[in-house]
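# Descriptive analysis of the structure
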Amino acid sequence: MRTELRPASSSEKIDGGFTSTAGGLDATTPEVAAVVAGEAETWWPASWLGTPDTTGTAQTDAVHVLPVGVYTIRVRVDAGVEQPVRDSHILKVHP
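Quick caveat: nothing in here was measured; it's all calculated off a predicted structure.

## A few points about unusual backbone geometry
A positive phi angle, near 70°, is found at S9, a position not held by glycine. Structurally, S9 is set in the loop between β1 (3–7) and β2 (15–19).

Here is the structure:
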């Protein structure tokens, strides 16, 4: 799993990768979450970058500012193809 570094107070869209065992990601609607261990997940609307099939990268529709912390970036898709949530990468926001 890759690790991405970001300075605190940076305002950016957040992206995450997703791989489907069933394919057909182009027909699904993705969501992305940045999750701190022990905290509840907050899911944000996202869109695919390009046209995915079995593998795709989802990016949040809006920019987000995350406080300092270590986050697991997670991606999920709607029930049209499959419902699992996948960990994508680690995001470390530093002072």
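Moving on, there is more to tell.
## Concerning the pattern of salt bridges
Under the defined criterion, the tally for this structure stands at six salt bridges. The partner of R76 in a salt bridge is E31, with the nearest N and O atoms 2.6 Å apart. Of this pair, R76 sits in strand β6 (residues 69–77) while E31 sits in strand β3 (residues 30–36); the two residues are 45 residues apart in sequence, bridging distant segments of the chain. For R76, a relative accessible area of 23% gives the class partly exposed. Using a relative accessible area of 25% as the deciding quantity, one classes E31 as partly exposed. Its salt-bridge partner being R74, residue E41 comes within 2.3 Å of it at the nearest N-O pair. You can see E41 sitting in the loop between β3 and β4 (43–49) and its partner R74 sitting in strand β6, a full 33 residues away along the chain.

What counts and how
Residues numbered from 1 in each chain as written. Predicted model: local features only at pLDDT ≥ 70, side-chain atom pairs only at ≥ 80, totals over all residues. Heavy atoms only, no water. Helix = DSSP H or I, 4+ residues; strand = E, 2+ residues; numbered from the N terminus. Salt bridge = Lys/Arg side-chain N within 4 Å of Asp/Glu carboxyl O. Buried < 20%, exposed > 50% of the residue type's maximum accessible area, 1.4 Å probe, protein only.

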